[in-house]
Amino acid sequence: MTLSASEVPAVARRSPWRAGLRRFARHRVAVASAVVLFVIVVLAIFARPISGHDPNATDLFATRAAPSGDHLLGTDPTGRDVLARLLFAGRVSIGVGVASALLAVVLGTLLGSVSGLLGGAVDAVVMRLADVFIWGPAW
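Conventions adopted
Residues numbered from 1 in each chain as written. Predicted model: local features only at pLDDT ≥ 70, side-chain atom pairs only at ≥ 80, totals over all residues. Heavy atoms only, no water. Salt bridge = Lys/Arg side-chain N within 4 Å of Asp/Glu carboxyl O. Buried < 20%, exposed > 50% of the residue type's maximum accessible area, 1.4 Å probe, protein only. Helix = DSSP H or I, 4+ residues; strand = E, 2+ residues; numbered from the N terminus. Axes fitted to C-alpha atoms, helices over the stretch in contact; angles between N-to-C directions. Parallel < 35°, antiparallel > 145°, perpendicular 65-115°, else oblique. Left-handed = near helix turned anticlockwise from the far one by under 90°. Contact = heavy atoms within 4.5 Å. Nonpolar A, V, L, I, M, F, W, Y, C, P; charged D, E, K, R; others polar.

J.: I tried to follow the pattern of salt bridges on my own but got confused; where do I start?
T.: Two side chains that carry opposite charge are able to pair once their charged atoms sit near each other. The tally for this structure, following the rule as stated, stands at two salt bridges. Close ionic contact of Arg80 with Asp76 constitutes a salt bridge, the shortest N to O distance being 2.9 Å. The exposure class assigned to Arg80 is partly exposed, which follows from its relative accessible area of 23%. Given the relative accessible area of 12%, Asp76 is considered buried. Note that Asp131 and Arg128 form a salt bridge whose closest N and O atoms lie 3.1 Å from each other. Of this pair, Asp131 and Arg128 both sit in helix H5 (residues 120–135), three residues apart, which is roughly one turn of that helix.

J.: I tried to follow the packing of helix H2 (residues 28–45) against helix H4 (residues 82–118) on my own but got confused; where do I start?
T.: Packed helix pairs are characterised by how far apart their axes lie and by the angle those axes make with each other. In the contact formed by H2 and H4, the axes pass within 8 Å of each other and the chain directions differ by 115 degrees. It follows from the interaxial angle that H2 and H4 lie roughly perpendicular. For the element pair H2 and H4, the recorded crossing hand is left-handed. Judged by residue contacts, Ile40, Val41, Leu43, Ala44 and Ile45 of H2 engage Leu87, Gly90, Arg91 and Ile94 from H4. Each residue belonging to the contact of H2 with H4 can be placed in one class, and the counts come to seven nonpolar, one polar and one charged.

Laid out in structure tokens, this is it:
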């Protein structure tokens, strides 16, 4: 017995994306982590207007200054604003993370495709290489 489209319950017609989003929203730690990650990315993107200082500009009269209205996190031993350096370093860290993830996806897809297409000895070598990266060297 098959059901027509009008007879299928609403639950069965729910999209996988919506179901995944509902499951994600039920986990408070996951939602909090996503919010924190979003805030960090926004702070890194808008680093210049938020900090108001050049991260490499030195002010020898403000070396190791305590946090104040001008320097919210203070300054380092050479007078550079710590908040500006932190926000601009976030840009670099996010870029490195995204680039390494993209490289892993591209290399994994390429190696998996070659391994699946050629099979045999090539598949065995690729799998042993993957084992080395997963489990590390055996010494």
